[in-house]
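Results of the structural survey
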Amino acid sequence: MNQGTSSSTVGIDAIAIATPRAYLDLVDLAAARDVPSDKYTKGLGAIRMAIAGRHEDPVTLATDAASRLFARAGVDASRIGYMAVGTETGIDHSKPVASYVHGLLGLPAACRVFDTKHACFGGTAALMGAVEWIASGAARGRSALVVCSDIARYALGSPGEPTQGAGAVALLVTERPRLVELEVGHTGTYARDVHDFWRPLSRRDALVDGHYSVSCYLDAVAGAFGAWRDEDVRRGGAPLARTAYHVPYVKMAKKADRHRAIACEGLDEAAAEARFARDVGSSLAFAAEVGNVYTGSLYMALAALLHAEAGVLEGERVGLFSYGSGCVAEFFAGRVAVGAADVVESLALDEPLRDRVRLDFGAYEAIRRADGDEPAGVTADDEVDVASDRCAFVGVDAAERRVYRRATHGSTPRADAASTAAA
Ligand SMILES: CC(C)(COP(=O)(O)OP(=O)(O)OC[C@H]1O[C@@H](n2cnc3c(N)ncnc32)[C@H](O)[C@@H]1OP(=O)(O)O)[C@@H](O)C(=O)NCCC(=O)NCCS
């Protein structure tokens, strides 16, 4: 079965993130909603949430994250043979986000290109497929690009509103990865048909049974972690030094780790609190700045963890927990590669979080109220309110095709990328 890489390792070689340029400070949202700001900043752990403008969508965010990955990690685009986008922010019932990104990045024609959807689990489904594609030998030395890209939107004034966000995470998956060697074939899974979160086809905002979604997530932690641990004990696995969780809001990761500690591992409250601070805390810094990024949330937590601690974690084992409402969950692990700290430094993972624009509440509400008003026709380049080093959605043409302006530093698109427009 494992023909291509039996003596090799497979995993994450490089990571990059992208977020919209604008954000809303949760203190401003709390004031406007007449809620004590501590409820958002302490009760939910949210500090800022990224807000996508009308020229930003899952395609532009995914393209920006992948462009950064290519530039920062020196990726040879001609060696990509698998490109999957995990997203739950659909822009078309048929054409995948991945096809646009494939065109905008100028990836090879000999490439498996598709989207994966299962709420916030879509990115993990894409990653597992990529890892197994390489481990099976089918990749024949080529690499996989997995991108998670979403805009988390709940109704204005709803309990979900402070847990919005937007962003993308791009992962390069290779043999002999320089960041995290994943344990191929060793995962714990859990699934159950529940209605905790859904978005009917006619709606842009998600619907959620918020408190029920928290309890579904916790059940999934116990189920997936329990299944993984049973196998891990049989294999005699080393302890986990850190764990990154799916982070719909920062406090949820704390609830998850506490539930695992007390319900699954028999720790008391004090030990659970100490374990959380040591093993999970540093993975939450980016989520506090960006908010929920749905499919990318776990991988943004991994990026934050490596950004903060790659140096001390080289050679150590980290756990990863992915949850998608509906629901499915997977717990798996990997080992931080020796030399990862130098790679992480060259990736400048936090760069997209710097130099952002703070929206006032009125501007935020205006953006949200205009949701669904696509630019009428194709916007002239000088009217697109997006820096030229970023990809931009410029509108829908007369044949109802979405049109994008690629970033000026991006790769050259292929000549036959008919539904995309170069600047
Ligand atoms: C998460 C969610 C259910 C919270 O909704 P809510 O009913 O408005 O908020 P709560 O009343 O439960 O308060 C949230 C937290 O803030 C705390 N809090 C409330 N007021 C506070 C204050 N003034 N100061 C400090 N903390 C405060 C609460 O005690 C609670 O903490 P706890 O969860 O540890 O008990 C809601 O934001 C939501 O639906 N989000 C989207 C769904 C989601 O992200 N689900 C996660 C699983 S996928």
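Residues numbered from 1 in each chain as written. Predicted model: local features only at pLDDT ≥ 70, side-chain atom pairs only at ≥ 80, totals over all residues.

1. Details of helix α4 (residues 97–105)
Rule in force here: Counting other C-beta atoms within 10 Å of a residue's C-beta gives its exposure: the residue is buried at 20 or more, exposed at 12 or fewer, and partly exposed in between, where C-beta atoms are placed from the backbone. In DSSP terms, a helix is any run of H or I states spanning at least four residues, a strand is any run of E spanning at least two, and both are numbered starting from the N terminus. Any pair of residues counts as being in contact when their C-beta atoms, constructed from backbone geometry, are within 7 Å of one another.
Within α4, nine of the nine residues are buried, which leaves it mostly tucked inside the rest of the structure. Val 97, Ala 98, Ser 99, Tyr 100, Val 101, His 102, Gly 103, Leu 104 and Leu 105 are the residues of α4 that are buried. Residues of α4 that are buried make contact with α3 (58–73), β4 (80–86), β5 (112–116), β6 (143–152) and β16 (402–405). Gly 106 sits one or two positions beyond α4 and adopts a positive phi of about 70 degrees.

2. Section: the sheet that holds strand β7 (residues 165–175)
Under the convention used in this document: Two strands qualify as a pair provided DSSP detects at least 2 bridges between them. Between the N-to-C directions of two axes lies an angle of 0 to 180 degrees, each axis being a line fitted to C-alpha atoms and, for a helix, fitted only over the stretch in contact.
Pairing within the open sheet is mixed, and its nine strands lie in the order β5-β4-β6-β7-β1-β8-β13-β12-β11. At either margin of the open sheet sits one strand with a lone partner, and together these are β5 and β11 (242–245). This sheet shows a mean twist of 25 degrees between the axes of neighbouring strands, independent of strand direction. Against the sheet, helix α5 (residues 122–135) contacts β1 (10–18), β4, β5, β6, β7, β8 (180–191), β12 (317–324) and β13 (328–336), and its axis sits at roughly 160 degrees relative to β4.

3. Thoughts on the sheet that holds strand β2 (residues 22–25)
Two orientations exist for strands paired in a sheet by backbone hydrogen bonds: parallel and antiparallel. In space, the three strands of this open sheet follow the order β3-β2-β14, with mixed pairing throughout. Each end of this open sheet is capped by a strand with a single partner; those strands are β3 (48–51) and β14 (357–358). Bridging between β2 and β3 involves four bridges; their strand directions are antiparallel. Note on β3: the bridge partner recorded for Tyr 23 is Ala 50. Strands in contact with helix α1 (residues 26–33) are β2 and β3; relative to β2, the strand with the most contacts, it is inclined by about 55 degrees.

4. Brief notes about the confidence of the model for the protein
Interpreting fine coordinate detail is not advised for predicted regions of low pLDDT. The following threshold applies: Per-residue confidence from the prediction method is given by pLDDT, with values spanning 0 to 100.
Summarising the model, the protein shows a mean pLDDT of 93, and 95% of its residues fall at 70 or more. Note on residues 1–6: pLDDT under 50 across the span, and eleven contacts to partners over four residues away in sequence or across chains. Residue range residues 410–423 is modelled with pLDDT below 50. Its contacts to residues more than four positions away, or to other chains, number 34 contacts.

5. With respect to the packing of helix α10 (residues 297–313) against helix α11 (residues 340–347)
To keep it simple, the criterion reads: An angle below 35 degrees is read as roughly parallel, one above 145 as roughly antiparallel, one from 65 to 115 as roughly perpendicular, and any other as oblique. Left-handed is the label given to a crossing in which the near helix is rotated counterclockwise from the far helix by less than a right angle, and right-handed is the label when the rotation is clockwise. The residue classification treats Ala, Val, Leu, Ile, Met, Phe, Trp, Tyr, Cys and Pro as nonpolar and Asp, Glu, Lys and Arg as charged. All others, Gly included, are polar.
Look at α10 against α11: their axes get within 8 Å of each other, and the N-to-C directions meet at 150 degrees. It follows that α10 is roughly antiparallel to α11 by the angle criterion. With respect to the hand of their crossing, α10 and α11 are arranged in left-handed fashion. Counted together, Leu 306, His 307, Ala 310 and Gly 311 of α10 and Ala 340, Ala 341 and Val 344 of α11 form the full contact between these two elements. By residue class, the composition of the contact of α10 with α11 is five nonpolar, two polar and no charged.

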